[in-house]
Amino acid sequence: AERRPEVLAQHWLNAGAQDEAISAWGRAARLALDRHAVREAAHACEEGISLIHASTAAGKFERDELSLQNMLADLLQTIEGYGSRRAGAARRRARALADQRGSVRAKLREAFGEWSAASSVGDYAAAAEPADRFVALARLDGADSVQGSAQMILMTRYRQGDLVGAEEAYLTGLPYFEHSDFLRRAGSAAQTFGTATTIAWLMGRYDEADRRSARGLSVSRSTGNPYDEAFALYMAAHHAVHSAVPAEVARVALQAIELAERHGFAAIAADARIALGRAWAGLNRAAEGAALIDQLVRGRGLGRSNSDTLYLTWLAEAYAMEDEVERAEAAVEEALAVNPLETFYRPETLRLRGDLRLRQGKI
């Protein structure tokens, strides 16, 4: 069964178990490609796609839509490993099947919207399924801009602590991130390079984080879209907080606020003000900074936005700079409890809690 899945596929087919046969042909294709048996791999892909086509036409396909898309995407990804005519034919048949089941682009838009809505409020459990669906559909679509969006989505794994997976997604997506169609979606460059900056910083690669931040600002400005520039300025201020350069945070955050307010980008203006509050805390204005962060974080509704864990930790740092240790400890505990799924900043939050306890002689 492990060494000869193509034989198992025939047995499953003879038994009327179409789904199992399709999965076995997929395994056969991957095994054949691993040993560079191009013809066998192409044949296995064709057999798998033919079975999917026949099962779908007969209304006998038992798996859900996501399972179908994932199997098609998996076979197509295998086909990409070689360039034979038979592979091209298999790809065309797979695309035709996908089109029969509805517009791939329409499904991409739907999946992206669902992912974005869930991710923006920090509901990463709900975001996982549409993210997987988008990535599978992106493989079917094949366009460079869509591949870029798929890798951008995968980069957000860092929010749940998967720094290695997020970094791999960034490196895989690099050939696509400056494609004109990818950049046409407002905020793409700022979000992508800003996320990549944070990933590099969390991994301790500080020089690389600086380069990514500068690149994100440059690319975002090149689009001529003020939303892109305002978003990138906020992300640059965010990075400056991590780099412990409060004067730079204040300078860039004020630019982001001015541009965002001029064009009516309220969400960016609010986030940039949170960064400004953190800058004030580092510039001997800790009480003002803490008050501003607290007002904005609670004003947008705790537990209804991503990055709450980060901003509450910034609030705790501001209180600590003002020697408001009890309030700092309370903000730390809020940061740890507000969204257990968001873990990327947890090491810093725990470090701060340890510092506060040490300051009070509790450890």
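As the structure is a prediction and not an experimental result, all values here were calculated from the model.

Peer 1: Any chance you could break down unusual backbone geometry for me, citing the residues and the numbers?
Peer 2: The backbone of A244 shows a phi angle near 60°, a positive value even though the residue is not glycine. Mapped onto the fold, A244 is located in the loop between α13 (226-242) and α14 (246-263). Residue classification places A244 among the exposed positions, given a relative accessible area of 61%. Residues other than glycine seldom take positive phi values, yet D323 does so here, at roughly 60°. For D323, the location among the structural elements is in the loop between α17 (308-321) and α18 (325-337).

Peer 1: Requested: an account of the pattern of salt bridges, with residues and values cited.
Peer 2: Counted under the stated rule, the structure contains 23 salt bridges. The salt bridge partner of R359 is D323, with a shortest N-O separation of 3.4 Å. A residue pair is termed long-range when its members are at least 10 positions apart, and R359 in helix α19 (residues 346-359) and D323 in the loop between α17 and α18 qualify at 36 residues. Owing to a relative accessible area of 47%, R359 belongs among the partly exposed residues under this scheme. A relative accessible area of 58% means that D323 is categorised as exposed. Residue E333 pairs with R353 through a salt bridge whose shortest N-O separation is 3.4 Å. Of this pair, E333 sits in helix α18 while R353 sits in helix α19; the two residues are 20 residues apart in sequence, bridging distant segments of the chain. For E333, a relative accessible area of 36% corresponds to the partly exposed category.

Peer 1: Report on the packing of aromatic side chains, specifying residues and quantitative values.
Peer 2: This structure, assessed with the given rule, holds twelve aromatic pairs. Measuring from centroid to centroid gives 5.1 Å for Y158 and F344, while their planes differ by 65°, and the two rings are edge-to-face. Separated by 186 residues along the polypeptide, Y158 in the loop between α8 (144-155) and α9 (163-173) and F344 in the loop between α18 and α19 bring together distant segments of the chain. Centroid distance F177 to F193: 6.4 Å. Interplanar angle 75°. Geometry classified as edge-to-face.

Peer 1: Explain the confidence of the model for the protein chain to me, using residue names and the numbers behind them.
Peer 2: Taken residue by residue, the protein chain gives an average pLDDT of 86. The fraction at 70 or more is 86%. Scored below 50 in pLDDT, residues 80-85 shows ten contacts in the model against residues more than four places distant or in partner chains.

Conventions and cut-offs
- Residues numbered from 1 in each chain as written.
- Predicted model: local features only at pLDDT ≥ 70, side-chain atom pairs only at ≥ 80, totals over all residues.
- Heavy atoms only, no water.
- Helix = DSSP H or I, 4+ residues; strand = E, 2+ residues; numbered from the N terminus.
- Buried < 20%, exposed > 50% of the residue type's maximum accessible area, 1.4 Å probe, protein only.
- Salt bridge = Lys/Arg side-chain N within 4 Å of Asp/Glu carboxyl O.
- Phe/Tyr/Trp six-rings, centres within 6.5 Å; stacked < 30°, edge-to-face > 60°.
- pLDDT = per-residue confidence, 0-100.
- Contact = heavy atoms within 4.5 Å.

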